[in-house]
Structure formats: C-alpha cells, structure tokens
Amino acid sequence: MSDPQVFSKARDVIEAASARGLKLAVAESLTGGLLADAFVSVPGASRVFSGGVVAYDTALKRSLLRVDAALLRERGPVDGEVAEQMAMGVRLACATPGGDSIASVGDETFAPADIGVATTGIAGPDPDPQTGQPAGTVWIAVSFAGGERRSQLALDGDRASIRSATVLAAIDLVSVALGIGSE
C-alpha cells in the first residue's frame, strides 16, 4: 500500500503492539487483503502480525471464522455483529505457538492472536443482494482482551476509494483499542 497516511498509522500500530508483545490477525471481506498488506508493508511486522483470512465468500465467514450461521442468514454478511464475530474468529484461526493455550497439536500449544480486526461491507457498485444495503455500507470490528469495538461507515466513492477508506478506518480502530488513537 503506497498511501503515506496508511503506512504511518499501520507503523504506529505495529510499534505499539510490538512494545507490548501482542500478536495481530486480520479477517477481511471487502478489503480483500489490503488491510493485511498495510500491516506487512511495515518493516518488523513479523514481530506482531500473525496472519489473516480473506473470507470474501459468506460461507467462509462461517466455516473459517466461526460466524453464527443463523446470524448470517438473518442479517447477511454486512452487519456489526458479523464483523465482531469475524474479529473474534480470526484470533482463533491465527493462533500461534505458546502463550495461554487454547489448543494443542502433539506437544505444542497454541494461543489466539491478542488482537483481531475485521472488515465487511459493500464496495459496490451494486447494493448487497441479500439485504439491499447500499454500496459504501461498511462495518469494521476489533476483538482484544478488553472486549470488542465496532464501527459502521457510510462511505462514498468508487470501489477503490471505499476499500482504501475502510483500511484506514480499521487501522484507526485498532489504534483506539491499543490506546494510541482517539475515537
């Protein structure tokens, strides 16, 4: 990602998480890997960034990120609670060896990522076929030890600008969760 503002904010998140020994994971739908790219573009990101899941297809939100099937049927994939469940689910999906164990494989134990961030929305140009929500409707969420935070965005512009604005807003929400940004 070449946007200097995104790079600067992503760097701040990587540095703050690194200083605290935290691991970060991302779950992306409409951003399709752009959020992960923003973080891994920062030198030293490997100290913090565990990985990510691009769950563009709604079925993957259920199978890989453990989003409740009934919730997806009732509200569709563009929903605040869906975003929160994606953020919680990616923490588990990107568990790494060590720490407070949630699972084990052989002799090795795995701990969830400390911070999960998720993006889901409609980049357009058409509205969501399931709910009719307009292009530019976006939900982002962060899951961390302090709980969950979510934010709804109503963005204007083309697909590229909606996706870019979502990446910046997601990084800002992680900054708030880390106590280095303001709401």
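Quick notes on the rules
- Sequence order as written defines residue numbering, which begins from 1 separately in each chain.
- In keeping with the predicted nature of the model, local features appear solely for residues at pLDDT of at least 70, side-chain atom pairs appear and are counted solely at 80 or more, and the whole-chain, interface and lining totals rest on all residues.
- Working from all heavy atoms in the structure, the side-chain values ignore hydrogens and water.
- Every helix listed is a DSSP run of H or I at least four residues long, and every strand listed is a run of E at least two residues long, numbered separately from the N terminus.
- The size measure is the radius of gyration over C-alpha atoms, and the globule rule it meets is 2.2 Å times the number of residues to the 0.38 power.
- How far a helix is expected to stretch is found by multiplying one less than its residue total by 1.5 Å.
- For every residue, the accessible area obtained with a 1.4 Å probe (protein chains only) is divided by the maximum for its type, and the residue is called buried under 20%, exposed over 50%, and partly exposed between those limits.
- Contact between two residues is taken to exist if any of their heavy atoms lie within 4.5 Å; hydrogens are not considered.
- Here a polar contact means two N or O atoms within 3.5 Å. Within protein one must be a hydrogen donor candidate and the other an acceptor candidate, and residues neighboring in sequence count only if both atoms are side-chain atoms.
- Two strands are said to pair when DSSP picks up at least two bridges between them.
- A fitted line through C-alpha atoms serves as each axis, taken over the contacting stretch for helices, and the angle formed by two N-to-C directions is quoted from 0 to 180°.

### A word on the overall build of the protein chain
Piece 1. Scanning the protein chain for helices and strands turns up 6 helices and 8 strands.
Piece 2. Its helices and strands taken in sequence order, the protein chain reads α-β-α-β-α-α-α-β-β-β-β-β-β-α from the N to the C terminus.
Piece 3. A compact globule built from 183 residues would reach a C-alpha radius of gyration of about 16 Å, and the protein chain, at 16 Å, matches this within 12%.
Piece 4. If one aligns the C-alpha atoms of the protein chain with their principal axes, the spans along those axes are about 45 × 40 × 25 Å.

### Some thoughts on helix H1 (residues 4-19)
Piece 1. The end-to-end C-alpha distance of H1, which contains 16 residues, comes to 22 Å, matching closely the 22 Å that a straight helix rising 1.5 Å per residue would cover.
Piece 2. Residues of H1 that are buried: Val6, Ala10, Val13, Ile14, Ala16 and Ala17.
Piece 3. Packed against the buried residues of H1 are strand S1 (24-28), helix H2 (34-40) and helix H6 (159-178).
Piece 4. By the N-cap criterion, in which a side-chain oxygen at the helix start approaches the backbone nitrogen of a residue two or three places on, H1 is capped by Asp3, the distance to Gln5 being 2.8 Å.
Piece 5. Directly after H1, the chain includes Gly21, whose backbone phi takes a positive value near 70°.

### Looking at unusual backbone geometry
Piece 1. A cis geometry characterises the amide bond from Gly124 onward to Pro125, with omega recorded as 15°.
Piece 2. Considering the arrangement of structural elements, one finds Pro125 in the loop between strand S6 (115-121) and strand S7 (137-144).
Piece 3. The phi dihedral of Arg66 falls on the positive side, at around 65°, and the residue is not glycine.
Piece 4. Position of Arg66 relative to the elements: it lies in the loop between helix H3 (58-63) and helix H4 (69-75).
Piece 5. By relative accessible area, which is 57% here, Arg66 ends up exposed.

### Focus: the sheet that holds S1
Piece 1. The 5 strands lie next to each other as S2-S1-S6-S7-S8, forming an open sheet whose pairing is mixed. Pairing within the sheet leaves two strands with one partner each, and these edge strands are strand S2 (49-54) and strand S8 (147-154). Neighbour-to-neighbour, the strand axes of this sheet turn through a mean angle of 10°, independent of strand direction.
Piece 2. Here S1 runs beside S2; their pairing, made up of 5 bridges, is parallel. Each residue of the ladder has a partner; that of Val26, found in S2, is Gly52.

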